[in-house]
Amino acid sequence: MQLTKNFVKAKNPCAGGYKWFLRDHNGQGDYQAVLDALVADGRVGDACWLLDQFGPTDAVLELDELDATALVFAGAIQVRRGVSVDTIVRAGRGISAGGGIRAGESIIAGENIASGAQIASAGNLRAGGDIAAEWGIETGARLDCAGNVRAKWDICAGQDLAVVGHLQAGQDIASQGALSAGQGIKAGGDIRAGKDIHAACGIQAAGGIRAGGHLQAGWGLIAGADIVAEGSIRAGEGVHAGGDIEAGAGHGVYAGLSVRLDAWAVCARVLARRRPAQLVSGHWAGEDA
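In this report, we go over the structure that sits alongside the text.

This next bit is on the pattern of salt bridges. Applying the stated criterion to the full structure yields 16 salt bridges. Of the charged contacts in the structure, one is a salt bridge between D226 and R273, with a shortest N-O distance of 3.7 Å. Of this pair, D226 sits in the loop between strand 30 (221–223) and strand 31 (227–229) while R273 sits in the loop between strand 36 (269–271) and strand 37 (279–281), placing them 47 residues apart in sequence. Where R274 meets D244, a salt bridge forms, and the shortest distance between an N and an O atom there is 2.5 Å. With R274 in the loop between strand 36 and strand 37 and D244 in the loop between strand 33 (239–241) and strand 34 (245–246), this pair connects stretches of sequence that are 30 residues apart. A residue is classified by how much of its surface remains accessible, and R274, at 48% relative accessible area, is partly exposed. By relative accessible area, which is 17% here, D244 ends up buried. Through salt bridges that share partners, D226, D244, R273 and R274 make up one connected network.

Dropping the structure here:
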């Protein structure tokens, strides 16, 4: 794709970026060449803006290893070993690496992100498709995914963690902010969030589940240890805990919200070490039933 000054001006660029384009490229140039030049000149934000305006291409960048200050590529990035950038790595399409993917600021892809080891971003992590790591996933800020997120180790976010599809970790899932999934959440360890936890389907943890706000699942809640929330606990079906079930002060535990009353004994069972003091709805199936 060839960029011209009229083509770029129609997108209402900032004055500084447009002057740079006229001065350094005489108001014209190959799309990817302009992105590379912007990054080389330290104008990574302008390169990201340009990619937002003109979108992805079908180009593929194949490398043995990526070690750079930053990279903004309009197509797909495929690296046989690891990726390490000081600031931002961004692709108009997918990012895949046989090793780890690390960025000092952000990792952003228009499609899938896949790593044969760890994915670590000191800032945001965002994908327009799935995110998958053979090890763990860690972000210093937000994690946003338009598909599914899967890791064999921990998944940790320094701010909100939002997934449109399924969220699954072999170990813990932790978010300092809110935690939400458009499908289900499953962890081989604990599930923790500093704010609300919400899943459109079920939530399952081999360890405990703890929410700093409300805890809500469209289907059931299952934990091998305690289920605790500072707000209410709501489940469309049953709530099972290997430990206690405890809602916040002034809040209740609501099970069976999507189940017919005549099916509560089967589909809205509440089971824990002791009957929750705040149990409002659901069929208590514990020892004192």
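From this point, things continue past the structure.
All of the buried residues in helix 4 (residues 44–54) are V44, D46, A47, C48, L50, L51 and F54. With its phi angle positive at about 75°, G55 sits one or two positions after the end of helix 4.

Further remarks concern the pairing of strand 11 (residues 106–109). Side chains of strand 11 alternate between two faces, with S106 and I108 and I107 and A109 buried alike. Pairing analysis gives four bridges linking strand 8 (residues 88–91) to strand 11, with the strands arranged parallel. Opposite A91, over in strand 11, you have A109 as the bridge partner. By the bridge criterion, three bridges tie strand 11 to strand 14 (residues 125–127) in an arrangement that is parallel. By the bridge assignment, A109 is partnered in strand 14 with A127.

Read from one edge of the open sheet, 11 strands run 4-7-10-13-16-19-22-25-28-31-34, paired in parallel fashion. Looking along the sheet, the strands with just one partner apiece sit at the ends: strand 4 (66–68) and strand 34. Pairing of strand 28 (residues 209–211) with strand 31 involves three bridges; the strand directions are parallel. By the bridge assignment, A211 is partnered in strand 31 with A229.

The set of residues buried in helix 3 (residues 31–40) consists of Y31, Q32, V34, L35, L38 and V39. End-on view of helix 3: buried residues confined to an arc of 160°, all on one side of the axis. Taking the backbone nitrogen of Q32 as reference, a side-chain oxygen 3.2 Å away marks D30 as the first, capping residue of helix 3. Looking at the residues trailing helix 3, positive phi occurs at G42, about 80°.

Let's shift gears to the packing of aromatic side chains. What describes a pair of aromatic rings is the distance from one ring centre to the other and the angle between the planes of the rings. Summed over the entire model, instances satisfying the criterion amount to two aromatic pairs. With a centroid separation of 5.1 Å and 10° between ring planes, the pair formed by W135 and W153 is classed as stacked. Residue W135 is found in the loop between strand 15 (131–133) and strand 16 (137–139), and its partner W153 is found in the loop between strand 18 (149–151) and strand 19 (155–157); the two are separated by 18 residues along the sequence. Note on W153: relative accessible area 40%, which makes it partly exposed. Taking the ring centre of Y254 as reference, the NZ or CZ of R234 above it sits at 4.5 Å.

Once that is clear, we can look at the sheet that holds strand 35 (residues 253–254). Judged by pairing direction, the sheet is parallel, and its 12 strands sit side by side in the order 5-8-11-14-17-20-23-26-29-32-35-37 without closing on themselves. Unpaired on one side and paired on the other, strand 5 (71–73) and strand 37 mark the two borders of the sheet. Relative to strand 37, strand 35 is paired through two bridges, and the arrangement is parallel. Across the sheet, V253 pairs through a bridge with L279, a residue of strand 37.

Okay, the environment of A268 next. Within the secondary structure layout, A268 lies in the loop between helix 5 (264–267) and strand 36. Separated by 13 residues in the primary sequence, A268 and S281 place their C-alpha atoms 8.6 Å from one another. The contact partners of A268, leaving out residues within four places of it in the chain, are E237, G238, A255, G256, A263, G282 and H283.

Definitions and cut-offs
- Residues numbered from 1 in each chain as written.
- Predicted model: local features only at pLDDT ≥ 70, side-chain atom pairs only at ≥ 80, totals over all residues.
- Heavy atoms only, no water.
- Salt bridge = Lys/Arg side-chain N within 4 Å of Asp/Glu carboxyl O.
- Helix = DSSP H or I, 4+ residues; strand = E, 2+ residues; numbered from the N terminus.
- Buried < 20%, exposed > 50% of the residue type's maximum accessible area, 1.4 Å probe, protein only.
- Pairing = 2+ DSSP bridges.
- Arc of directions from axis to C-beta.
- Polar contact = N/O pair within 3.5 Å; in protein donor to acceptor, adjacent residues only side chain to side chain.
- Phe/Tyr/Trp six-rings, centres within 6.5 Å; stacked < 30°, edge-to-face > 60°.
- Lys NZ or Arg CZ within 6 Å of the ring centre and 35° of its normal.
- Contact = heavy atoms within 4.5 Å.

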